[in-house]
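# Commentary on secondary and tertiary structure
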Amino acid sequence: MREIHYPITAEYEGKTIEQFLKQAQGYSSRTIIKLKHYPKGIQRNGAHARTIDQLAQGDVVTICFQDPDTNLDNYIRSNIAVGIPYQDSDVVVFNKPPYMPCHQSCGHAADTLANVFATYCDKLGQRLMYRPLNRLDRDTTGAVLVAKNRHAAAAITGGFHKVYQAVVCGEVFPREGRIEAPIRREQPEEMRRIVAPDGQRAVTNYRVAAVAQGYSLVDFTLETGRTHQIRVHMAHLGFPLLGDPMYGQPSPLIGRQALHCRKIAFCHPVTGEEVTVECPLPQDMAQVCQRLGLR
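Report on the accompanying structure. (Residues numbered from 1 in each chain as written. Predicted model: local features only at pLDDT ≥ 70, side-chain atom pairs only at ≥ 80, totals over all residues. Heavy atoms only, no water.)

### Structural notes on the nonpolar core
If you look at the biggest cluster of nonpolar residues, it comprises 50 residues, and the most contacted ones within it are Phe94, Phe117, Leu145, Met234 and Phe266. It is helix 3 (residues 113-124) that provides the largest number of residues to this core, a total of 7 residues. Not counting residues within four places of it along the chain, the set of residues in contact with Leu145 comprises Val91, Val92, Val93, Arg131, Pro132, Leu133, Asn134, Ile156, Phe160, Ile264 and Phe266. (Core = buried A, V, L, I, M, F, W, Y, C linked by side-chain atoms within 4.5 Å. Buried < 20%, exposed > 50% of the residue type's maximum accessible area, 1.4 Å probe, protein only. Helix = DSSP H or I, 4+ residues; strand = E, 2+ residues; numbered from the N terminus. Contact = heavy atoms within 4.5 Å.)

### Notes on the side chain of Lys148
Tracing the chain through its elements places Lys148 in the loop between strand 8 (141-147) and helix 4 (150-156). Lacking a salt bridge, the buried Lys148 has Asp88 as its closest oppositely charged neighbour, with an N-O distance of 5.8 Å. Engagement of the side chain of Lys148 in a polar contact is seen with the backbone oxygen of Asp88, the distance being 2.7 Å. At 2.9 Å, the side chain of Lys148 and the side chain of Tyr120 are in polar contact. (Lys, Arg positive; Asp, Glu negative; His and termini not counted. Salt bridge = Lys/Arg side-chain N within 4 Å of Asp/Glu carboxyl O. Polar contact = N/O pair within 3.5 Å; in protein donor to acceptor, adjacent residues only side chain to side chain.)

### Let's talk about helix 2 (residues 29-36)
Among the residues making up helix 2, those that are buried are Thr31, Ile32 and Leu35. For helix 2, the angular spread of the buried residues around the axis is 100 degrees, confining them to a single face. More than 90 degrees from the buried face of helix 2, the exposed residues found are Arg30 and Lys36. Each element contacted by the buried residues of helix 2 is listed here: helix 1 (17-23), strand 2 (42-44), strand 4 (60-65) and helix 4. (Arc of directions from axis to C-beta.)

### Some words on the packing of aromatic side chains
In total, this model carries 10 aromatic pairs according to the counting rule given. Both rings, one in Tyr12 and one in Phe20, keep their centres 5.2 Å apart while their planes meet at 80 degrees; by these two values the pair is edge-to-face. Grouping residues by exposure puts Tyr12 and Phe20 together as buried. Joined through ring pairs, the aromatic side chains of Tyr6, Tyr12, Phe20, Tyr27 and Phe65 make up one cluster. (Phe/Tyr/Trp six-rings, centres within 6.5 Å; stacked < 30°, edge-to-face > 60°.)

### Digging into the pattern of salt bridges
Note that side chains of opposite charge can pair when their charged atoms are close. As enumerated under the stated definition, the model contains 19 salt bridges in all. Two residues, Arg127 and Asp73, come together in a salt bridge whose shortest N-O distance is 3.2 Å. Of this pair, Arg127 sits in the loop between helix 3 and strand 7 (131-132) while Asp73 sits in the loop between strand 4 and strand 5 (83-87), and the two are 54 residues apart along the sequence. Under the relative-accessibility criterion, Arg127 is labelled partly exposed at 45%. One continuous salt-bridge network, built from bridges that share partners, spans Arg135, Asp137, Arg231 and Asp244.

Bear in mind that shape data such as this cannot, by itself, settle questions of function.
Written out as structure tokens, the structure reads:
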């Protein structure tokens, strides 16, 4: 259970609780409706309150997330070690290792980040809903942001910034640029994507961090979030990601595509402060960079 206390200042004198929650704290209508059904979901000065009640300076509005709709019972517990570079009462950031899906599937019932999150909640003594706000491919590593309550999920969704890093084949030039090339499935129902005029808009910004021995270490930020966007765009330019079996070719240097989400930044749903979380490169990519001299 998560309680959040909001002291009311003079600027919100006369506002209703609903107006305050929406305008000042960014609560969605859906979240407010859900809170109304909790016995202690919305309180003013320690007593049950209605969303139409007007506020006075000095009041304290308390929001209580009971989150009874947990989905943890669906997940087998996993003790796979996953780094946690940041956590607080509202969010947790995992540094996802390679070969781990974010969600369960037919072939992955016990080795996903969802299973790891279930174990994490058990250790906290909390029953939470698994709400990942971004998703990484099974073989892509790095930052995955998970909301611990409904408000955090609604407040952050679509409002965070990620930086990816990849080792690509070839010495990328120009050293900085913007790729705008639409992407669609190559064939219906197939996973592989291609650049095509009738595809969905896709925009990738890149900056080369290092070049050595015919390879480049590149940072990426995305303006759109198409499936396999970085992999497709770089292969389209003739610089496939190292080890990418779908858009390039396997490599003896690494057993997967060398792609990592190294940073995620977001506005905290309660404090409003900017939070930036860095995830160090996983061991396999770090070893590749060291071997190639990409520093």
